[in-house]
Amino acid sequence: MESAAKIRRKVLRDGRSIRSVSRETGLSRNTIRKYLKDGSPPSYQRQADPVRHKLCVFEERLQTLFEQDLTRPRRERRTGVKLYELLVQEGYTGSYSPVQRFVRDLKRAGLGSGDAFIPLQFQAGDALQFDWSEEHVVLGGIAQKVKVAHFRLCHSRKPFVVAYPGEPQEMVLDAFVRALAFYGGVPGRVIIDNPKTMVTYVSRLKDRIFHPRFLALMNHYVMEPVACTPAAGWEKGQVENQVQFLRGRLFTPKLAFDDLESLNVWLHLRCEELGARQHPEQRDRTIDAVFADEQAELRPLGRPFDGYVEKTVRVRGVPPSGGPV
């Protein structure tokens, strides 16, 4: 299904021709047309649990060896081949390629390099950031916790928030449908954390397996999911800053409403009002003014995604007619 989503993004988002995508991927044009026509995920039945890569049990050891080398003079550091040979001596039975990729990713991450953080720049319509926060409110006279879904368009800084009683997957899907309707279009990608409702597996090599239903949402809107590196919150720093800002701006002192629906109507209005604030980079313009330009770069919304959640259940035998269920 992830391959189908990539094909849809190449054609529907990037404007590539079916012929060029066919040449690049080796897929027939008819197959590509089928992916473009049907945005729903293919149904399949997993026959066995996925097999983790042989390097998985050695990833922590390999990272330790890499970190040890960082304390040595450059000329004394071990190459990827040397690290691979050492792992083989310790029982690793896989090939060299996964070791090479793992070491390359560690170098790219700048582990131990002390490099300064460089703020990320985003083009109009490029990216949306998402995160959850937990807030305390009073609903119907009862103090309780709610989960708040935070969205932020990275170029214009336009915020959107919506509250839920929890954060199960059906509420994740509903939050995305509401946010995209609020923005009136679809950005190219969304930057997220790695919650189980969206990402089912993360390796130390940063490989991701996205949840099928979340991937179906991405496929429907032709949007690319980008999961942050674990413990690298700066990769979605805009929305994390928004969580702290809106906690003080909107949720302090504690809000009180009759019900969750009334709370969300009030939050929607506050998001509209926040657009009148000065843009943090284009200081001669408001967030709404920049958003108007960015909205023109968003792709059409289309029909909303059906955010049902599939669950596998065991069905008991059907009782005789008239008997108890």
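Structure shown above.
Here goes a summary of the coordinates provided. No experiment lies behind these values; they were computed from the predicted model shown.

**A short note on the overall build of the protein chain**
So, step 1. When you go through the protein chain residue by residue, the secondary structure sums to eleven helices and eight strands.
So, step 2. Of all 325 residues assigned to the protein chain, the portion counted as buried reaches 40%.
So, step 3. The long-range share in the protein chain, meaning contacts at least 24 apart out of those at least 6 apart in sequence, stands at 65%.

**Digging into the pattern of salt bridges**
So, step 1. For the coordinates displayed, the defined rule picks out 20 salt bridges.
So, step 2. Between Asp131 and Lys236 there is a salt bridge whose closest N-O contact spans 2.9 Å. Taken together, the residues span a long stretch of sequence, with Asp131 in strand E1 (residues 127-139) and Lys236 in the loop between strand E7 (224-227) and helix H9 (237-249) at a distance of 105 residues. Just as Asp131 is buried, Lys236 falls in that class too.
So, step 3. Here Asp293 makes a salt bridge to Arg285, at a shortest N to O gap of 2.7 Å.
So, step 4. Three or more residues joined by partner-sharing salt bridges are found here, namely Asp131, Asp193, Lys236 and Glu240.

**Digging into the nonpolar core**
So, step 1. Phe130, Phe151, Phe176, Tyr183, Ile192 and Leu217 are the most contacted members of the largest nonpolar core, which has 51 residues in total.
So, step 2. Every element with two or more residues in this core is listed here: E1, strand E2 (142-153), strand E3 (159-164), helix H7 (169-183), strand E4 (189-192), helix H8 (212-221), strand E8 (255-257) and helix H10 (260-274).
So, step 3. When residues in this core are grouped by element, the largest group, ten residues, is from H7.
So, step 4. If sequence neighbours within four positions are ignored, Tyr183 has contacts with Leu128, Phe151, Arg152, Leu153, Lys158, Pro159, Phe160, Phe291, Gln295 and Leu298.

**Let's talk about the environment of Met171**
So, step 1. On the secondary structure map, Met171 appears in helix H7.
So, step 2. With relative accessibility at 19%, the residue Met171 sits in the buried group.
So, step 3. Between the alpha carbons of Met171 and Ala149 there is a distance of 9.0 Å; along the sequence they are 22 residues apart.
So, step 4. Discounting chain neighbours no more than four positions away, the residues touching Met171 are Tyr164, Pro165 and Gly166.

**Quick look at a positive patch on the surface**
So, step 1. A cluster of basic residues, Arg19, Arg23, Arg29 and Arg33, forms a positive patch on the protein surface.
So, step 2. If you list the elements that add at least two residues to the positive patch, you get helix H2 (18-25) and helix H3 (29-37).
So, step 3. Structurally, Arg19 is set in helix H2.

**So, the packing of H2 against H3**
So, step 1. With their axes 9 Å apart at the nearest point, H2 and H3 run at an angle of 115° to one another. When the axes of H2 and H3 are compared, the pair comes out roughly perpendicular. Classified by chirality, the crossing of H3 by H2 is right-handed. Here Ile18, Arg19, Val21, Ser22 and Thr25 of H2 come into contact with H3, specifically with Arg29, Ile32, Arg33 and Leu36.

**Notes on the pairing of E7**
So, step 1. The side-chain alternation of E7 yields one buried face, formed by Pro225 and Ala227, and one unburied face, formed by Glu224 and Val226.
So, step 2. Sheet topology note: the E4/E7 ladder contains four bridges and is parallel. Paired with Ile192 across the two strands is Ala227, which belongs to E7.

**Describing the packing of aromatic side chains**
So, step 1. Tallying each qualifying case throughout the model produces 15 aromatic pairs.
So, step 2. One aromatic cluster in this structure is built from Phe130, Trp132, Phe151, Phe160, Tyr164, Phe176, Phe182, Tyr183, Phe210, Phe214 and Phe291.
So, step 3. Over the ring of Phe291 we find Lys158, and its NZ or CZ is 5.4 Å from the ring centre.

**Some words on the side chain of Gln129**
So, step 1. Tracing the backbone shows Gln129 in strand E1.
So, step 2. Judged by relative accessible area, Gln129 falls into the buried class, the value being 1%.
So, step 3. Within the local environment of Gln129, its side chain forms a polar contact with the backbone nitrogen of Gln238, the two atoms lying 3.2 Å apart.
So, step 4. A polar side-chain atom of Gln129 sits 3.0 Å from the main-chain amide nitrogen of Val239.

Cut-offs and rules
- Throughout this document, residue positions are counted from 1 along each chain, in the order its sequence is written.
- Per-residue local features are limited, in this predicted model, to residues with pLDDT of at least 70; the limit for side-chain atom pairs, both in listing and counting, is 80 or more; totals at the level of whole chains, interfaces and linings are taken over all residues.
- Excluding hydrogens and water, the side-chain values take into account all heavy atoms of the structure.
- Elements are defined by DSSP. Helices are runs of H or I of four residues or more, strands are runs of E of two residues or more, and each kind is numbered from the N terminus.
- Think of it in three bands: with a 1.4 Å probe and only protein chains considered, a residue is buried below 20% of the maximum accessible area for its type, exposed above 50%, and partly exposed in between.
- Two residues form a contact once any of their heavy atoms are found within 4.5 Å.
- Here a salt bridge means any side-chain nitrogen of Lys or Arg lying within 4 Å of a carboxyl oxygen belonging to Asp or Glu.
- We call a set of buried residues a nonpolar core when its members are Ala, Val, Leu, Ile, Met, Phe, Trp, Tyr or Cys and they connect through side-chain atoms within 4.5 Å of each other.
- The patch calculation keeps residues exceeding 30% relative accessible area without a salt bridge and links them within 9 Å when they carry like charges or within 5 Å when they are nonpolar (Val, Leu, Ile, Met, Phe, Trp, Tyr).
- Computed with a 1.4 Å probe, the accessible areas rest on the Shrake-Rupley method; for each residue, only the protein chains presented here act as cover.
- Charge counting treats Lys and Arg as positive and Asp and Glu as negative, with His and both chain ends excluded.
- Positions of charges follow a simple convention, taking NZ of Lys, CZ of Arg, CG of Asp or CD of Glu.
- Geometry is summarised by axes, namely lines fitted to C-alpha atoms with helices restricted to the contacting stretch, and by angles between N-to-C directions that run from 0 to 180 degrees.
- Roughly parallel means an angle under 35 degrees; roughly antiparallel, over 145; roughly perpendicular, 65 to 115; everything else is oblique.
- In a left-handed crossing the near helix is turned counterclockwise from the far helix by less than a right angle, and in a right-handed crossing that turn is clockwise.
- In this scheme, strands are said to pair when DSSP sees at least two bridges between them.
- A pair of Phe, Tyr and Trp rings is counted when the ring centres sit within 6.5 Å of each other, with Trp represented by its six-membered ring. The angle between the planes then sorts it: under 30 degrees is stacked, over 60 is edge-to-face, the rest tilted.
- Lysine NZ or arginine CZ positioned within 6 Å of the ring centre and within 35 degrees of the ring normal marks a charge as sitting over the ring.
- Polar contacts, as counted here, are pairs of nitrogen or oxygen atoms within 3.5 Å of one another; within protein the pair requires one atom able to donate a hydrogen and one able to accept it, and residues that are adjacent in sequence qualify only if both atoms are side-chain atoms.

Read these as layout, nothing more, since geometry by itself doesn't imply function.
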